[in-house]
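# Residue-level structural notes
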Amino acid sequence: MDQWTSQLAPQLRALVELAAHDGHMTQAALALDIPQSSMSRRIHALQAALGVPLLIHDGRAVRLTPEACRLAARTREPLAELEHTLAELTGGADGEHGTVRFGFPLTMGSGHIPDLLAAFRHRHPGIRVLLKQAHGTQLGAELLTGHLDLAVVIPAPERLHHNLIGVQRIHLAVPEDHRLAGAARVGLDQLAGETFVANPPSYNLRQLTEMWCRAAGYTPNIAIEVTEFSTIRELISRGLGVALLPHDDRTPPGIREIPLIGGHYHRSIALAWGTATRAASTTSLADFLLHNFSQHAVNSMVTREG
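Small disclaimer: the values here were computed from a predicted structure and weren't measured.

On to the layout of surface pockets, then. For the second largest pocket, the calculated volume is near 530 Å³. Lining the second largest pocket are 28 residues, with Arg13, Glu83, Arg101, Gly146 and Asp149 positioned closest to its centre. Mapped by element, the contributors of at least two residues to the lining of the second largest pocket are helix H2 (9–20), helix H3 (25–32), helix H5 (66–92), strand S3 (98–105), helix H7 (136–145) and helix H10 (280–305). For the lining of the second largest pocket, the element with the most residues is H5, which contributes five residues. Residue composition of the lining of the second largest pocket, grouped by class: nine nonpolar, twelve polar and seven charged. When residues are assigned to domains, the lining of the second largest pocket turns out to be shared by domain 1 (3–90) and domain 2 (98–158 + 275–300), each giving three or more.

Right under this line is the structure:
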């Protein structure tokens with residue numbers, strides 16, 4: 001057992017980082033802050049120690065064998081937990097200093113999240129927050145590989161540790177001169193025959209759009225696929241279609257947002273992390289977001305009921 005823990009830990013760490021960078025030795029070495037030659041030696045030493053092929057050489061490119069991928073996936077979280085524990089025991093438990101790699105969805109680039117990050121920065125100036133904005137699938141993948149420490153993810157991820165912190169309401173977005181623009185609420189059955197602008201099929205909101213429209217009795221005519229929600233709104237304002245989009249208090253000119261009839265048109269919002277153990281600085285940000293998201297939800301409810 002001593003052989004695995006004392007000799008192979010650096011080599012296993014190298015394998016985990018190599019898997020996270022899709023076999024790119026240079027990028028993995030940069031992430032570990034070691035020379036590429038050291039990176040290569042660690043991987044080959046691990047391969048020799050285990051007696052199991054870990055690399056497939058394809059010209060100048062390197063691919064990991066299925067055994068290497070499985071070993072990296074099984075080793076990633078225990079190594080991360082060990083690193084966090086050692087940091088706490090050696091003085092890294094200071095929740096007022098450190099770096100947190102934080103991700104949040106493309107749909108939350110304006111409004112509440114930036115406001116909360118600004119407030120957190122003011123309250124905890126010693127903690128550096130590195131930001132990454134992406135769609136939910138990518139955020140979840142980077143939490144699993146350890147490239148993010150914490151993220152707001154929509155919808156709540158099944159494979160990750162998470163706390164539910166709210167819901168994201170989905171509204172109908174139409175051009176301001178659309179036939180339904182003056183409606184107080186709209187049923188999805190009223191949109192049969194409309195041209196839709198939507199995300200690509202891999203996006204959660206695209207899948208929900210198709211599912212909800214089918215439940216209303218038709219298949220949506222999706223004529224344009226766009227990854228960015230801001231671009232979707234731009235296209236709608238120019239009369240190129242309608243879309244189901246997250247409600248935005250800062251809707252741009254030329255668009256009318258209309259609530260949908262029915263109480264199930266929403267997505268869960270979760271605060272997620274990839275490992276069971278979190279660094280103290282990550283816990284500080286997580287606790288701040290959990291408290292303030294809850295408070296924001298209460299304030300919003302009071303405002304609506306008032």
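For the protein chain, the average pLDDT comes to 84, and 88% of its residues sit at 70 or higher. Across the protein chain, element-level confidence peaks in strand S7 (residues 195–198) with a mean pLDDT of 97 and bottoms out in helix H1 (residues 2–7) with 55. Long-range and interchain partners of residues 297–306, a stretch whose pLDDT sits below 50, account for zero contacts in this model, where long-range means more than four residues apart.

This part is about the packing of aromatic side chains. All chains considered together, the criterion is met by three aromatic pairs. Ring plane angle 20° and centroid distance 6.1 Å describe the contact between Phe102 and Phe104, whose orientation is recorded as stacked. Both residues of the pair, Phe102 and Phe104, belong to the buried class. Geometrically, the ring pair formed by Trp212 and Tyr265 is edge-to-face, given 5.0 Å between the ring centres and 90° between the ring planes. Of the two residues, Trp212 sits in helix H8 (residues 204–215) while Tyr265 sits in the loop between strand S10 (255–258) and strand S11 (266–273), which places them 53 residues apart along the sequence.

Generally speaking, a soluble globular protein has its nonpolar side chains buried in company with each other. Ranked by internal contacts, the top residues of the largest apolar core, which has 31 residues, are Leu172, Leu188, Leu191, Phe196, Leu244 and Leu245. When residues of this core are traced back to their parent elements, those giving at least two are strand S6 (161–175), S7, H8, helix H9 (229–237), strand S9 (243–246) and S10. Apart from the residues within four sequence positions on either side, Leu245 is in contact with Arg169, Ile170, His171, Ala173, Leu205, Phe229, Ile232, Arg233 and Ile236.

Below, the discussion takes up the pattern of salt bridges. Here the structure, examined in full by the defined rule, presents nine salt bridges. For Glu234, the salt bridge goes to Arg238, with nearest N and O atoms at 2.6 Å. For Glu234, a relative accessible area of 40% gives the class partly exposed. On the accessibility criterion, Arg238 (57% relative accessible area) is exposed. Salt bridges sharing partners connect three or more residues here, namely Arg206, Glu210, Arg214 and Glu225.

With that settled, the discussion passes to the environment of Gly140. You can see Gly140 is positioned in helix H7. In sequence terms Gly140 and Leu160 are 20 residues apart; their C-alpha atoms lie 7.6 Å from each other.

The next thing to look at is empty space enclosed by the protein. Evaluated as defined, the whole model comprises one cavity of 30 Å³ or more. Size it by volume and the largest cavity reaches roughly 40 Å³. Taken together, Val197, Ala198, Asn199, Leu205, Arg206, Thr209, Ile232, Ala243, Leu244 and Leu245 make up the full set of residues lining the largest cavity. Along the lines of polarity and charge, the residues of the lining of the largest cavity split into seven nonpolar, two polar and one charged.

The linkage connecting Ile154 with the following residue, Pro155, adopts the cis geometry, with an omega of -5°. Note that Pro155 resides in the loop between strand S5 (150–153) and S6. Even without being glycine, Asp22 reaches a positive phi, approximately 55°. For Asp22, the position within the fold is in the loop between H2 and H3. Phi is positive for Asp33, which is not a glycine, with a value near 60°.

Take the packing of H2 against helix H4 (residues 36–50) next. The geometry of H2 relative to H4 is characterised by a closest axis approach of 9 Å and an angle of 110° between their N-to-C directions. In terms of their interaxial angle, H2 and H4 are classed as roughly perpendicular. The residues of H4 that touch H2, namely those facing Pro10, Gln11, Leu12, Ala14, Leu15 and Leu18, are Met39, Arg42, Ile43, Ala45 and Leu46. Partitioning the contact of H2 with H4 into residue classes produces nine nonpolar, one polar and one charged.

Parameters at a glance
- Residues numbered from 1 in each chain as written.
- Predicted model: local features only at pLDDT ≥ 70, side-chain atom pairs only at ≥ 80, totals over all residues.
- Heavy atoms only, no water.
- 1 Å grid on protein atoms, 1.4 Å probe; cavity = no way out; pocket = protein on both sides within 12 Å on 5 of 7 lines; lining within 4 Å.
- Points joined across faces, edges and corners; volume = space filled by probe spheres on them.
- Helix = DSSP H or I, 4+ residues; strand = E, 2+ residues; numbered from the N terminus.
- Nonpolar A, V, L, I, M, F, W, Y, C, P; charged D, E, K, R; others polar.
- Domains from an automatic or database assignment.
- pLDDT = per-residue confidence, 0-100.
- Contact = heavy atoms within 4.5 Å.
- Phe/Tyr/Trp six-rings, centres within 6.5 Å; stacked < 30°, edge-to-face > 60°.
- Buried < 20%, exposed > 50% of the residue type's maximum accessible area, 1.4 Å probe, protein only.
- Core = buried A, V, L, I, M, F, W, Y, C linked by side-chain atoms within 4.5 Å.
- Salt bridge = Lys/Arg side-chain N within 4 Å of Asp/Glu carboxyl O.
- Axes fitted to C-alpha atoms, helices over the stretch in contact; angles between N-to-C directions.
- Parallel < 35°, antiparallel > 145°, perpendicular 65-115°, else oblique.

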